[in-house]
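# Descriptive structure summary
Each chain, letter by letter, is given below.
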Amino acid sequence: MCQENRLKIAIAFVTISLTLLLGACSVSTHDQGNGEDKKVDIKTPFAEIHVGSDSGAQDAGIALYPGARPKQEDNDKHRANIQIGGDNFGVKVIAASYLTDDPPQKVIDFYRKDLKKFGNVLECPKGLQENHDKDNSELRCDDKGSEEPGKLDLAVGVPERQHIVAVKPNGKGTEFDTVFVQVKGGKGNQTM
């Protein structure tokens with residue numbers, strides 16, 4: 001076979017392969033019917049991506065504090081549901097912010113009890129320490145950060161699967177965030 005024919009066959013093979021791969025991708029958006037909450041789903045042969053503002057504490061397995069209301073400013077819902085994954089990798093993050101007129105200590109007491117269903121609850125006034133140590137499978141409090149008066153992070157899990165509630169004073173009430181993080185393929189995780 002001559003050089004020119006091999007080149008033509010290679011070009012045809014690459015063209016067909018690219019056409020099949022690009023044809024296998026899809027992007028879809030979904031309006032939740034209220035004109036505000038939208039979801040975007042992207043599917044490729046290698047991974048899927050889901051982004052939305054359609055989740056809350058309950059979707060992370062965390063109870064919602066009684067009487068709490070979602071934090072909302074203009075068009076910012078202060079909540080997100082992000083999932084990116086393929087056969088051998090993935091990450092899922094569900095986060096939401098809330099407000100209540102109750103004092104921070106009451107919210108902390110509620111979540112101390114609620115988070116116990118996942119294991120030992122850490123109380124971190126300076127936040128959580130980033131864990132880049134592959135051999136260490138524990139969450140740890142940051143002891144080097146600065147302490148914000150009245151702020152406390154409650155956390156349970158392992159670096160690959162975390163439930164976190166961050167509580168801080170807000171005027172006469174409390175603002176708190178609920179967060180769930182899961183990394184596919186690590187210790188302590190389940191399928192996404």
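Residues numbered from 1 in each chain as written. Predicted model: local features only at pLDDT ≥ 70, side-chain atom pairs only at ≥ 80, totals over all residues. Heavy atoms only, no water.

### Here's the deal with the packing of aromatic side chains
To describe a pair of aromatic rings, one takes the distance between the centres and the angle between the planes. One pass over the full model with this rule turns up five aromatic pairs. Taking the centre distance of 5.2 Å and the plane angle of 90 degrees together, the rings of Tyr-65 and Phe-110 count as edge-to-face. With a gap of 45 residues between them, Tyr-65 in the loop between β3 (48-52) and β4 (69-70) and Phe-110 in helix α2 (residues 104-115) connect regions that are remote in the sequence. Ring centres 4.9 Å apart and planes at 90 degrees place the aromatic pair Phe-110 and Tyr-111 in the edge-to-face group. By relative accessible area, which is 26% here, Phe-110 ends up partly exposed. In textbook terms, an aromatic cluster arises when at least three aromatic residues are bridged by ring pairs, as seen for Tyr-65, Tyr-98, Phe-110, Tyr-111 and Phe-176. (Phe/Tyr/Trp six-rings, centres within 6.5 Å; stacked < 30°, edge-to-face > 60°. Helix = DSSP H or I, 4+ residues; strand = E, 2+ residues; numbered from the N terminus. Buried < 20%, exposed > 50% of the residue type's maximum accessible area, 1.4 Å probe, protein only.)

### What to know about the pattern of salt bridges
Applying the stated criterion across every chain yields a total of six salt bridges. Here Lys-71 ties to Glu-175 by a salt bridge, and the two come within 3.0 Å at their closest N and O atoms. Note that Lys-71 is positioned in the loop between β4 and β5 (79-85) and Glu-175 in strand β10 (residues 173-183), a separation of 104 residues in sequence. Glu-175 shares its class with Lys-71; the two are buried. (Salt bridge = Lys/Arg side-chain N within 4 Å of Asp/Glu carboxyl O.)

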